[in-house]
Amino acid sequence: MRTLSKSKIIAFRQCPKRLWLDLHKPELCDDSASETVFKIGNQVGDIARTIYDSEGTGVLIDIKALGHGEALTRSAKLLAEGHSPVFEAGLKTEGALAYADVMLPDRSDDTLRWRMVEVKSSTSVKEYHHDDIAVQSHIAVSSGVRLSSVSLAHINTSFIYQGDSDYRGLLQEADLTEEALSRGDEVKQWIADAQVVAAMAEEPEVATGPHCTKPFTCGFCDYCNRDKVLPEFPLGSLPKLHIRKREQFESEGYADLRDVPDELLNAVQRRVKQCSVTGDAFFDADGAAADLSPFGFPAYFLDFETILFAVPIWKGTRPYQQITFQFSLHTLAKSGQLAQTAFLDLSGNDPSEPFAKALISACGKKGPVFVYNATFETSRIRELAERFPDLADSLLAINARVVDLLPIARNRYYHPSQQGSWSIKAVLPAVAPELNYDNLTGVQDGGMAQEVFREAIQDETSAERKREIEQQLLAYCRLDTFAMVRLWQFFSGRDEPALQDVD
Ligand code: SF4
């Protein structure tokens with residue numbers, strides 16, 4: 001019998017085939033999406049150790065250095081002694097093993113028991129955490145460890161970091177003792193069933209479906225879908241299609257949105273279908289021009305880049321707070337003259353206040369401030385106004401001038417190449433095909449911008465690499481605002497030659 005780790009048992013709970021592939025064909029797994037989650041989990045785990053071990057007497061079981069065998073032996077010894085907290089303690093029972101994030105000795109009734117805490121980087125207890133905790137508890141109890149409580153510690157979003165590495169209050173515990181300890185028989189059955197699948201010579205037959213992305217996106221999706229002929233216009237391209245309606249369409253045999261009868265679609269979905277059938281764009285040019293006609297000059301075009309941390313690093317900020325570190329602003333004068341300015345802070349210090357001041361100075365006092373999907377920018381501006389009351393009036397005055405281009409695009413334009421999306425990256429290739437995010441070196445989307453920002457503020461990042469990142473970020477954000485200029489020009493119905501960006 002194999003010894004299956006907790007993550008393998010959880011993989012089995014999602015899909016038996018996933019467990020089998022994990023064990024027998026791991027090279028087929030694309031787990032790039034889980035790397036960031038893994039890094040965040042490590043950061044939160046590191047901080048949890050400082051929170052639960054303020055005296056520094058705890059012992060961390062270093063699985064990589066020790067290997068599973070030695071890690072389990074050392075853990076068993078420490079758990080039998082009960083002198084100090086143990087982190088990443090190895091626990092093993094027949095057919096399964098797990099590593100417990102935090103084990104705290106509890107001698108409240110004169111016998112050694114343990115408070116087991118599983119640390120997660122989420123902001124609440126998720127449905128799938130219940131299985132996770134049940135497996136962990138079963139393995140602990142079956143291996144002879146007496147548990148006084150079982151809880152899950154998740155990120156407390158109302159925590160505000162006060163500096164000096166003081167993270168008390170960052171984690172919030174949910175007591176799951178009763179439930180976790182009552183599911184032993186269930187877990188035993190999962191382990192037994194998972195063992196049967198693990199021992200199969202051939203991969204089990206499981207069709208792909210909603211379970212492939214719930215609770216996690218499975219890394220074997222490409223492999224499992226390799227022979228599937230995907231429709232040219234999948235149902236997923238229908239805007240705001242409720243999952244139940246989608247399931248209904250699928251059960252009625254519709255795979256391509258072009259086949260769905262009109263009477264089953266709403267007006268926007270019918271428009272998307274119509275464009276997909278004919279291959280033609282929809283453009284209400286008069287409506288778009290009318291939407292933009294009230295706004296004069298100078299016209300500003302603004303876009304932000306933000307960063308967030310599960311474990312806040314700057315005083316006065318909360319976990320997962322979106323912190324602005326960059327903006328690009330194009331300004332168009334009545335004469336047609338275009339100018340661009342930018343702010344980018346890679347110093348590693350909190351960029352919020354310098355960002356707010358630079359923004360106020362760049363946006364002037366009058367003229368529309370065009371953004372694409374206004375909720376994002378206006379929310380960040382409001383948050384800055386709350387943090388810096390001295391700047392609040394000036395910041396909120398910018399918000400009062402914001403004009404959102406997204407609803408104009410959504411109501412007035414659709415091209416079949418958008419595949420149901422009105423993101424600026426979906427609309428731009430249809431309106432201005434010569435502007436292409438794929439031509440950018442390095443950073444090509446918001447996720448990449450966050451990734452390189454994190455890299456740039458590390459002490460070990462070389463000055464040369466930092467310069468390279470700076471250039472990439474500036475070029476990326478600049479394209480975002482120039483794209484808005486071109487969308488504005490297209491929607492306004494202006495017949496002068498396409499505006500060109502300035503150097
Ligand atoms: S892609 Fe879906 S069917 Fe394939 S292994 Fe993953 S969860 Fe199972």
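Residues numbered from 1 in each chain as written. Predicted model: local features only at pLDDT ≥ 70, side-chain atom pairs only at ≥ 80, totals over all residues.

Draft legend 1. Focus on the overall build of the chain. What the chain contains, in helices and strands, is 18 helices and 14 strands. Along the first, second and third principal axes, the C-alpha atoms of the chain reach 80 × 60 × 40 Å. Scored against the burial criterion, the 503 residues of the chain give a buried share of 31%. Sequence separation of 24 or more characterises 67% of the internal contacts of the chain that already satisfy a separation of 6 or more. (Helix = DSSP H or I, 4+ residues; strand = E, 2+ residues; numbered from the N terminus. Buried ≥ 20, exposed ≤ 12 C-beta atoms within 10 Å, placed from the backbone. Contact = placed C-beta atoms within 7 Å.)

Draft legend 2. Summary view of the site of the ligand. In the vicinity of the ligand lie 13 residues, with Cys 15, Arg 18, Cys 212, Cys 218 and Cys 224 positioned nearest. Top element by residues in the shell around the ligand is helix H2 (residues 16–24). It accounts for three residues. A per-class count over the shell around the ligand returns eight nonpolar, three polar and two charged. For the shell around the ligand, the two domains that each supply at least three residues are domain 1 (4–198) and domain 2 (210–277). (Near = placed C-beta within 6 Å. Nonpolar A, V, L, I, M, F, W, Y, C, P; charged D, E, K, R; others polar. Domains from an automatic or database assignment.)

Draft legend 3. Expanded view of the nonpolar core. Judged by nonpolar contacts, the single largest core of 60 residues is most densely connected at Phe 301, Phe 370, Met 484, Leu 487 and Trp 488. Broken down by element, the residue count for this core peaks at 13 residues, all from helix H18 (residues 463–492). When residues are assigned to domains, this core turns out to be shared by domain 2 (210–277) and domain 3 (286–492), each giving three or more. In this view, Trp 488 contacts Leu 292, Ala 299, Phe 301, Phe 370 and Leu 405; residues no more than four positions away in its chain are not counted. One finds Leu 72, Leu 91, Trp 114 and Met 116 within the second-largest nonpolar core, a separate group that totals 50 residues. (Core = buried A, V, L, I, M, F, W, Y, C linked by C-beta atoms within 7 Å.)

Draft legend 4. Quick look at the packing of helix H13 (residues 374–387) against helix H14 (residues 392–400). Running from N to C, H13 and H14 cross one another at 170°; their axes reach a closest spacing of 9 Å. When the interaxial angle is binned, H13 and H14 end up roughly antiparallel. The two elements H13 and H14 meet at a crossing, and its hand is left-handed. When H13 is examined against H14, the residues Thr 378, Ile 381, Arg 382, Leu 384 and Ala 385 are found in contact with a partner set consisting of Ala 392, Leu 395, Leu 396, Ile 398 and Asn 399. Considered class by class, the residues forming the contact of H13 with H14 number seven nonpolar, two polar and one charged. (Axes fitted to C-alpha atoms, helices over the stretch in contact; angles between N-to-C directions. Parallel < 35°, antiparallel > 145°, perpendicular 65-115°, else oblique. Left-handed = near helix turned anticlockwise from the far one by under 90°.)

Draft legend 5. Layout of the domain arrangement of the chain. Each domain of the chain was delimited in the assignment, giving domain 1 (4–198), domain 2 (210–277) and domain 3 (286–492). Here the C-alpha centre of domain 3 lies 31 Å away from the C-alpha centre of domain 2. Taken residue by residue, the interface counts seven residues in domain 2 and five residues in domain 3. Within the side of domain 2 that touches domain 3, the residues separate by chemical class into four nonpolar, two polar and one charged.

Draft legend 6. Broad picture of the pairing of strand E4 (residues 96–106). Relative to E4, strand E1 (residues 4–5) runs parallel, the two being bridged by two bridges. Residue pairing for E4: Ser 5 is matched across the bridge by Leu 97. As paired strands, strand E3 (residues 86–93) and E4 are joined by seven bridges and run antiparallel to one another. Along E4, the bridge assignment pairs Gly 90 with Tyr 99. Relative to strand E5 (residues 113–119), E4 runs antiparallel, the two sharing five bridges. Across the sheet, the residue bridging to Met 103 is Met 116, located in E5. Hairpin connection from E4 to E5: six residues lie between these consecutive antiparallel strands, with Asp 110 at a positive phi of about 70°. (Pairing = 2+ DSSP bridges.)

Draft legend 7. Highlighting the pairing of strand E6 (residues 147–155). Summarising the sheet, E5 and E6 pair through six bridges and their orientation is parallel. Opposite Met 116, over in E6, you have Val 150 as the bridge partner. By the bridge criterion, five bridges tie E6 to strand E7 (residues 171–175) in an arrangement that is antiparallel. Bridged to His 154 within E7 is Gln 172.

Draft legend 8. Spotlight on the environment of Glu 496. Residue placement: Glu 496 occurs in the segment after H18. Its 7 C-beta neighbours within 10 Å are what place Glu 496 among the exposed residues. As for Glu 496 and Gly 336, which are separated by 160 residues in sequence, their C-alpha atoms are 9.6 Å apart.

Draft legend 9. Main features of H13. Over its 14 residues, H13 extends 20 Å from the first C-alpha to the last, a length consistent with the 20 Å expected when each residue adds 1.5 Å. Looking only at H13, the buried set comprises Glu 377, Arg 380, Ile 381, Leu 384 and Ala 385. Projected down its long axis, H13 carries its buried residues within an arc of 140°, all on one side. In H13, the exposed positions that point more than 90 degrees away from the buried face belong to Thr 375, Ser 379 and Glu 386. Each element contacted by the buried residues of H13 is listed here: strand E9 (299–307), strand E10 (323–332), helix H12 (352–363), strand E12 (369–371), H14 and strand E13 (402–404). (Expected span 1.5 Å × (residues − 1). Arc of directions from axis to C-beta.)

Draft legend 10. Spotlight on the packing of H2 against helix H7 (residues 184–198). At a minimum axis distance of 9 Å, the contact between H2 and H7 shows a crossing angle of 55°. Judged on the interaxial angle alone, H7 and H2 are oblique. The element H2 and its partner H7 pack so that their crossing is right-handed. Counted together, Pro 16, Leu 19, Trp 20 and Leu 23 of H2 and Ala 194, Val 197 and Ala 198 of H7 form the full contact between these two elements. In terms of residue class, the contact of H2 with H7 is made up of seven nonpolar, no polar and no charged.

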